[in-house]
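Take a look at the letters that make up each chain.
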Amino acid sequence: MNKQMKKQAGFTLIELIMVIVILGILAAVALPKFVNLSGDAQLAATQGVAGSLAAAGTVNYGAAAVGNAAASAVTTAMLCTDFAAAKLEGGIPSGYVVTGNAPNCTVTGPTGVGQAANVPLTP
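Keep in mind it's a predicted model, so treat the numbers as computed, not measured.

Turning to the sheet that holds strand β3 (residues 114–118), a few remarks are in order. Judged by pairing direction, the sheet is antiparallel, and its 3 strands sit side by side in the order β1-β2-β3 without closing on themselves. Either end of the sheet is taken by a strand with one partner, and the two such strands are β1 (97–101) and β3. The average angle at which neighbouring strand axes cross in this sheet is 25°, direction not considered. Where helix α3 (residues 80–87) meets the sheet, it contacts β1 and β2 (104–108), and its direction lies at approximately 125° from that of β1.

All right, on to the state of the cysteines then. In the structure shown here, the tally under the stated rule is 1 disulfide. Disulfide pairing places C80 opposite C105 at an S-S distance of 1.9 Å. Around the S-S axis, the bridge from C80 to C105 shows a dihedral of about -80° and counts as left-handed. Remark: C105 occurs in strand β2 and C80 occurs in helix α3; sequence separation between them is 25 residues. Overall, the relative accessible area of 1% leaves C80 in the buried class.

The next thing to look at is the nonpolar core. Of all hydrophobic cores here, the largest spans 17 residues; its most connected members are L53, V74, F83, V98, C105, V107 and V119. Those elements that place two or more of their residues in this core are α2 (37–65), α3 and β2. Tallying contributions element by element places α2 first for this core, with 4 residues. Setting aside residues no more than four positions away along its own chain, V107 makes contact with T46, V49, A50, L53, Y96, V97, V98, V113, G114 and Q115.

Relative orientation of the contacting elements α2 and α3 amounts to 80°, with a least axis distance of 10 Å. Taken together, the axes of α2 and α3 are roughly perpendicular relative to one another. Here L53, A56, G57 and N60 of α2 lie close against α3, whose contacting residues are F83, A84 and K87. The residue makeup of the contact of α2 with α3, split by class, is 4 nonpolar, 2 polar and 1 charged.

Direction of pairing for β2 relative to β3: antiparallel, over a ladder of 5 bridges. Across the sheet, the residue bridging to T106 is A116, located in β3. The turn joining β2 and β3, which pair antiparallel and follow one another in sequence, is formed by 5 residues; a positive phi near 90° is taken by G112.

Attention now goes to unusual backbone geometry. In the segment running from A102 into P103, the intervening peptide bond is cis, with an omega of 5°. For P103, the position within the fold is in the loop between β1 and β2.

A few words now on the pairing of β1. Judged from the 5 bridges that link them, β1 and β2 form a sheet pairing that is antiparallel. When the sheet's bridge partners are listed, N101 is paired in β2 with N104. Connecting β1 to the antiparallel partner β2 that follows it, the hairpin turn spans 2 residues.

With that out of the way, let us pick up the environment of A44. As for its placement among the helices and strands, A44 is situated in helix α2. By relative accessible area, which is 43% here, A44 ends up partly exposed. In this structure, the C-alpha to C-alpha distance between A44 and Q115, residues 71 residues apart in sequence, is 10.0 Å.

Procedures and definitions
Residues numbered from 1 in each chain as written. Predicted model: local features only at pLDDT ≥ 70, side-chain atom pairs only at ≥ 80, totals over all residues. Heavy atoms only, no water. Pairing = 2+ DSSP bridges. Helix = DSSP H or I, 4+ residues; strand = E, 2+ residues; numbered from the N terminus. Axes fitted to C-alpha atoms, helices over the stretch in contact; angles between N-to-C directions. Contact = heavy atoms within 4.5 Å. Disulfide = S-S within 2.5 Å. Buried < 20%, exposed > 50% of the residue type's maximum accessible area, 1.4 Å probe, protein only. Core = buried A, V, L, I, M, F, W, Y, C linked by side-chain atoms within 4.5 Å. Parallel < 35°, antiparallel > 145°, perpendicular 65-115°, else oblique. Nonpolar A, V, L, I, M, F, W, Y, C, P; charged D, E, K, R; others polar.

Structure below.
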């Protein structure tokens with residue numbers, strides 16, 4: 001054996017190629033899960049605004065049922081926009097449109113997707 005030969009350290013070309021292939025496969029599998037997150041987030045935000053409008057209607061209904069003077073009278077002639085502006089903390093968020101008459105309200109978000117919100121009529 002030659003005393004001049006040194007032991008080499010490092011990765012072989014095959015090992016490096018295998019790591020790149022594995023990273024490529026992981027990226028191909030994981031990437032589609034993150035592509036459409038903005039659309040899902042906007043839909044969830046629209047559902048959140050519709051949920052808060054329905055919750056405000058339910059709280060208003062409960063307040064009216066116990067005779068609280070702060071409750072608003074909600075009838076079928078009431079515009080959902082007026083109710084939302086009066087009862088949602090901070091009003092209707094920018095970019096969202098509330099349409100319809102109570103109890104059938106619709107919240108439309110920036111993407112144009114509508115979400116139903118039920119605002120109970122006062123007793």
